[in-house]
Amino acid sequence: MSQPEAFGRYRVIRRLGSGSFATVWLAQDDLLNYPVAIKVLAENWAHQMDIQHRFLEEARILRQTDSTWLVAVHDVDVLPDGRPYMVMTYADQGSVADLVHRGQLPLDEALRLLTEIGQGITVLHGHGTIHRDIKPSNVLLQSSPVGQRVLVADLGFAKSIDEASGFTAAAGTPGYMSPEQSIPGGDLDVRSDVYSLGAVAYELITGRPPSRPPVRVAPGRIRPGLPPALDDLILSALSVDRESRPADAKTFTDRVRAIRMAPNPPENSSWWNRYRMPWQRAGALALACGLLVTVVTASFGAPGVSLASVRNTTEEMRVGVPTAWAREFHSGQEARPALAAAGAGPGLLAATDADDWHSTDIPSYGVYATVVPGTPDLRGVAGTEPCAGAPEERGFHSDGWEGMVWEWPECNGNGAYSTVAVHPPGTPRTVYLEIRQPEYRPDVVDEIIEKVELR
Ligand SMILES: Nc1ncnc2c1ncn2[C@@H]1O[C@H](COP(=O)(O)OP(=O)(O)OP(=O)(O)O)[C@@H](O)[C@H]1O
């Protein structure tokens, strides 16, 4: 197809590529001074009504879902020769397939991409849609002020979940599609997309797609040192029997997020190199906030787990935070009203997302610590926590500390929440901690308590 000058008001710059049904062009919206991608149905399909219908259906789904993690459709129109086109967000950084071909991704980066892809598919599932063609070349990347952002694209095969049992044609891409998708007339549900997510995960982590089903080689055999939970998750998503897969994209994504945020670093290799830059930035922010941050490696439940040691510049208190969580730092974080009433000053916070620390409906993992004078009974403080249900209560006694721990092993669907009030025996000062973690690990809570230093 020769290069057209314009589609409506959009001035064509160059061709981005062609797929089986359409050609995609980079164009400039001169009115808004913004680049867009324009997908035009190919001439040979222009008069097939079912293909035209599917093309417009793709545009409608993308318009209606309107999510950060999906390509957005801004407009549709029809050319004078009858071919429809859609105007989309321009993904300026290529696709995940390009990224994988460039070489092995650091594990944390692969898991971040996977989480974002999973969030996009979760939005589709929530909208009642099955994607049916999730693969690395259909996941595009766009630059954003905070790095690269995933945009799930190409919903040309997408179908409503309600129609799923009536599929007649086999659709999808071999290597990424579920076994049931290759059976014409096979009934499908969201677990077909979970299979494809498993296949994309496999490729992001090992650099190659999985074998045809049944998949028997765990990713950890190709890339040694992966957390066993990641091998288990990917192999379960790639199960031939869909009953054995995670129930939907959200379940899959939550598990990826929990693995990424687990206190044990996922790989032993070159941790410091991978995190050096973000860490330096975080350190600078911390200093500006009146905190000092150092990284220590301590034996911590499982051997070799890195702890970031956070202390305020007055040296009153030092707290160990698993490094995977210590991304943002704040000193002067206001204590809860009940704590402030007991005399607590502002405390230290080191977390994956400091702004959302108090919103237990949003995942944020880390540690908050403050000091309360005396040894007041803080049972009431725990009783007003934001997790649903009553906490489990346990005493804590060690050589250095005694007190109480109140815990919600499952807090509002976003991991575990623990509150702690402990003091050194015979010392009239109480350390109050809040610990949020992706999965309930009482050993992690206990180690964090043990590592607190109070001056
Ligand atoms: N919004 C976009 N921004 C930038 N590039 C895009 C965008 N949408 C599609 N492309 C690129 O245009 C090309 C064609 O995309 P298209 O979705 O038509 O087909 P495909 O995914 O390559 O193939 P098929 O539809 O056969 O699976 C691909 O290289 C794709 O990366």
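Residues numbered from 1 in each chain as written. Predicted model: local features only at pLDDT ≥ 70, side-chain atom pairs only at ≥ 80, totals over all residues.

Identification of the chain as non-specific serine/threonine protein kinase from Nocardiopsis terrae is taken from an unreviewed UniProt entry.

Chemist: Just checking my understanding: could you explain the overall build of the chain for this structure?
Modeler: Counting its regular elements, the chain contains eleven helices and 21 strands. A burial count over the chain gives 44% of its 455 residues as buried. In the chain, the proportion of contacts linking residues at least 24 apart, taken out of those at least 6 apart, comes to 57%. (Helix = DSSP H or I, 4+ residues; strand = E, 2+ residues; numbered from the N terminus. Buried ≥ 20, exposed ≤ 12 C-beta atoms within 10 Å, placed from the backbone. Contact = placed C-beta atoms within 7 Å.)

Chemist: Where do I start with the UniProt feature "binding site: ATP" (unreviewed entry) in the chain in this structure?
Modeler: On the UniProt side, "binding site: ATP" (unreviewed entry) is annotated at positions that read Lys39 here. Secondary-structure assignment places Lys39 in strand E4 (residues 34–41). Sequence-distant contacts of Lys39, defined by excluding residues within four places in its chain, comprise Ala22, Val24, Tyr85, Met86 and Met88. (UniProt positions renumbered as here; feature names shortened; annotations may be inferred.)

Chemist: Help me out: how do you make sense of the sheet that holds strand E20 (residues 429–437) in this one?
Modeler: Picture the strands of a sheet paired through backbone hydrogen bonds; they go either parallel or antiparallel. Spatially, E14-E15-E16-E20-E19-E18-E17 is the arrangement adopted by the seven strands of the open sheet, whose pairing is antiparallel. Only two strands of the sheet have a single neighbouring strand rather than two, namely strand E14 (328–333) and strand E17 (392–397). On average, adjacent strands in this sheet sit at an angle of 15° to one another, irrespective of strand direction. Against the sheet, helix H11 (residues 442–451) engages strand E16 (366–373), E17, strand E18 (402–408), strand E19 (416–423) and E20, with an angle of about 145° to E20. (Pairing = 2+ DSSP bridges. Axes fitted to C-alpha atoms, helices over the stretch in contact; angles between N-to-C directions.)

Chemist: Which parts of the structure should I look at to understand the pairing of E19?
Modeler: Regular strands place side chains that alternate from one sheet face to the opposite one. Summarising burial for E19: eight of the eight residues are buried, a large majority. Burial along E19 is two-sided: Ala416, Ser418, Val420 and Val422 facing one way and Tyr417, Thr419, Ala421 and His423 facing the other are all buried. In this sheet, E19 lies alongside E18 in antiparallel orientation, the contact comprising seven bridges. Within the sheet, the bridge partner assigned to Met404 lies in E19 and is Ala421. Of the strand pairs in this sheet, E19 and E20 are connected by seven bridges, and their pairing is antiparallel. Residue pairing in the sheet places Ala416 in a bridge with Gln437 of E20. Counted along the chain from E19 to the antiparallel partner E20, the turn is five residues long, and its residue Gly426 has a positive phi close to 80°.

Chemist: Where do I start with the site of the ligand in this structure?
Modeler: Near the ligand you find 22 residues, and of these Gly17, Gly19, Ser20, Val24 and Ala37 are the closest. Breaking the shell around the ligand down by element, the ones donating at least two residues are strand E2 (10–18), strand E3 (22–29), E4 and strand E6 (84–89). In terms of residue count, E2 provides more of the shell around the ligand than any other element does, three residues in total. For the shell around the ligand, the class distribution of residues is eleven nonpolar, nine polar and two charged. The residues that make up the shell around the ligand include at least three from each of domain 1 (6–88) and domain 2 (96–261). (Near = placed C-beta within 6 Å. Nonpolar A, V, L, I, M, F, W, Y, C, P; charged D, E, K, R; others polar. Domains from an automatic or database assignment.)

Chemist: Hey, could you run me through helix H6 (residues 228–237) in this one?
Modeler: Residues separated by three or four positions in an α-helix point in the same direction, a consequence of the helix having 3.6 residues per turn. When we look at burial in H6, the residues that qualify are Leu230, Leu233, Ile234, Leu235 and Ala237. Close packing links the buried residues of H6 with helix H4 (191–206), helix H5 (219–222) and helix H7 (249–260).

Chemist: What is the right way to read the nonpolar core from this model?
Modeler: Here is a general trend for soluble globular proteins: nonpolar side chains tend to be buried in one another's company. Grouped together as the largest cluster of nonpolar side chains are 111 residues, with contacts concentrated most on Ile38, Val152, Leu197, Ala350 and Leu433. Ranked by residue count, the leading element in this core is H4, at nine residues. Ignoring anything within four residues of it in the chain, the contact list for Ile38 reads Phe7, Tyr10, Val24, Trp25, Ala27, Tyr85 and Val87. In terms of nonpolar packing, the next biggest core, distinct from the first, is built from five residues, Cys387, Trp408, Cys411 and Ala416 among them. (Core = buried A, V, L, I, M, F, W, Y, C linked by C-beta atoms within 7 Å.)

Chemist: Whenever I open this one, the sheet that holds E3 confuses me. Can you help?
Modeler: A sheet is described by the order of its strands in space; here six strands give the open sequence E1-E2-E3-E4-E6-E5, paired in antiparallel fashion. What marks the edges here is a single partner per strand, and that holds for strand E1 (6–7) and strand E5 (73–78). Bridge count for E1 against E2 is two bridges, and the pairing is antiparallel. The residue bridging Ala6 from the neighbouring strand is Arg11, located in E2. Contacting E4, E5 and E6, helix H1 (residues 49–65) crosses the sheet at an angle of about 155° to E5.

Chemist: Can you walk me through the confidence of the model for the chain in this structure?
Modeler: Any residue range with low pLDDT should be treated as having predicted coordinates unsuitable for detailed reading. Overall, the predicted model of the chain reaches an average pLDDT of 85, with 86% of residues at or above 70. Here residues 268–281 is a poorly scored stretch, pLDDT under 50, and it has eight contacts once near neighbours within four places are set aside; other chains count. For this predicted complex, the interface confidence score (ipTM) comes to 0.96, while the overall pTM stands at 0.72. (pLDDT = per-residue confidence, 0-100.)

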